[in-house]
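Fold and contact review
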Amino acid sequence: MSKNILVIGSINKDLVVKTPRFPNKGETILGNNFYTSNGGKGANQASAIAKLGANVSILGAVGDDSFAKEICYALSKNNVNTDNIIIKNNASTGIALITVTENGDNNIIVVPNANSLIETDDIEDLINDFDIIVLQLEIPLHISKYAAITAKKLNKTVVLNPSPAVKIDKDFLSSIDILIPNETEIDFLGGIEYAFECGVKNIIITLGDKGCDLITKENNTINTKHFNAYKVNVVDTTAAGDTFLGAIVRMIADDKKIDEAIDFAMKAAAIAVTRNGAIDSIPSYEEVINKKI
């Protein structure tokens, strides 16, 4: 039976501008298009896990506003359990300002708003009801750390996407079973050796269009296995990393081996980058299985 998954993380409304290129400092340029979509790393990853066929709930905070209603509806429509979303009165739902260029590159400014108001009391009694806990760092750092340590004490599997990149301490890292950073984020954490010294079991470093590396340590020897990315026509990379992580978690929830999970995740992410948006770009399990790339 597939395991139950809890994503603890951010919930945002994405405000997206498509432009020919990124503006230089102090420069004004004309955009090609503007649209809104539902996002936040927590919401994106929960949606990816759900759309790919696993049982997932999300714990996050939103404001008492129209953005929150739209996002909660979209999450529910994608089969994410939203019972544990907290409405923070007198606060706005988080937003992300996203610029996407013609070749699919993006930069993002996140304003956390309600995401910054999650408290330990919101999660303390909830973790025990789930098998896998998924975390990122768009909510307060001490909340993610508390959730990881609490989950590990309860023998849960803990997956961390350490984004945005910050330095985190040994107590936090020692609670992580699967660490999924990019090249910048692993350096911020102190490097591969440091992560293994802290007790991380598996490291999957995402490398954009170059694929990813699975790094493990056995008998004091660090082993690296590379996985190539699929070659596709890139439209928007906004939720590629979140789709990749969601696909990994979906597969380990069914006790698949990590190599098989990565193969599946590489294909899911490749499909996502051929579409606009964050949650809207994430494929279903059937699409990943049946799509020929």
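Anything mentioned here points back to the structure above.
Here the structure is a predicted model, which means the values were calculated and not measured. (Residues numbered from 1 in each chain as written. Predicted model: local features only at pLDDT ≥ 70, side-chain atom pairs only at ≥ 80, totals over all residues. Heavy atoms only, no water.)

Considering unusual backbone geometry
Selection criterion: Helix and strand assignments come from DSSP, with helices taken as H or I runs of at least 4 residues and strands as E runs of at least 2, each series counted from the N terminus. The cut-offs for exposure are 20% and 50% of the maximum accessible area for each residue type, with area from a 1.4 Å probe on protein chains only; residues under the lower value are buried, those over the upper are exposed, and the others partly exposed.
A cis amide bond, omega 0°, links Ser 163 with the succeeding residue Pro 164. On the secondary structure map, Pro 164 appears in the loop between strand S9 (157–160) and helix H4 (170–173). A positive phi angle is found at Asn 219, which is not glycine, with a value near 55°. For Asn 219, the location among the structural elements is in the loop between strand S12 (212–218) and strand S13 (221–227). A relative accessible area of 71% means that Asn 219 is categorised as exposed. In this structure, Asn 220 takes a positive phi of about 65° despite not being glycine. By the element assignment, Asn 220 lies in the loop between S12 and S13.

Details of the sheet that holds S9
The line we're drawing: Any two strands with at least two DSSP bridges between them are considered paired.
The sheet built from 9 strands is open, its strands ordered S5-S4-S1-S8-S9-S10-S11-S12-S13 with mixed pairing. Among the strands making up the open sheet, the edge pair consists of strand S5 (85–88) and S13. The pairing of strand S1 (residues 4–8) with strand S8 (residues 132–135) spans 4 bridges and is parallel. When the bridges of S8 are listed, Ile 5 appears paired with Ile 132.

Structural notes on the packing of aromatic side chains
Under the convention used in this document: Note on aromatic contacts: the rings of Phe and Tyr and the six-membered ring of Trp form a pair at centre separations within 6.5 Å, being stacked when their planes are under 30 degrees apart, edge-to-face when over 60 apart, and tilted otherwise.
One pass over the structure, following the stated rule, counts 1 aromatic pair. Seen in terms of ring centroids, Phe 264 and Tyr 285 are 5.6 Å apart; in terms of plane orientation they differ by 35°. Their pairing is tilted. On the criterion of sequence distance, the pair formed by Phe 264 in helix H8 (residues 258–272) and Tyr 285 in helix H9 (residues 285–290) is long-range, its members being 21 residues apart. By relative accessible area, which is 27% here, Tyr 285 ends up partly exposed.

Here's the deal with the sheet that holds strand S2 (residues 12–19)
Stated precisely, the cut-off is as follows: Only C-alpha atoms enter the line fits that serve as axes; for helices the fit covers just the stretch in contact. Angles between N-to-C directions range over 0 to 180 degrees.
Here 4 strands make up an open sheet; going across it, the order is S3-S2-S6-S7 and the pairing mixed. Of all the strands in the sheet, the pair left with one neighbour each is strand S3 (33–39) and strand S7 (106–111). Adjacent strand axes in the sheet meet at a mean angle of 20° when their direction is disregarded. Note: S2 against S3, 7 bridges, orientation antiparallel.

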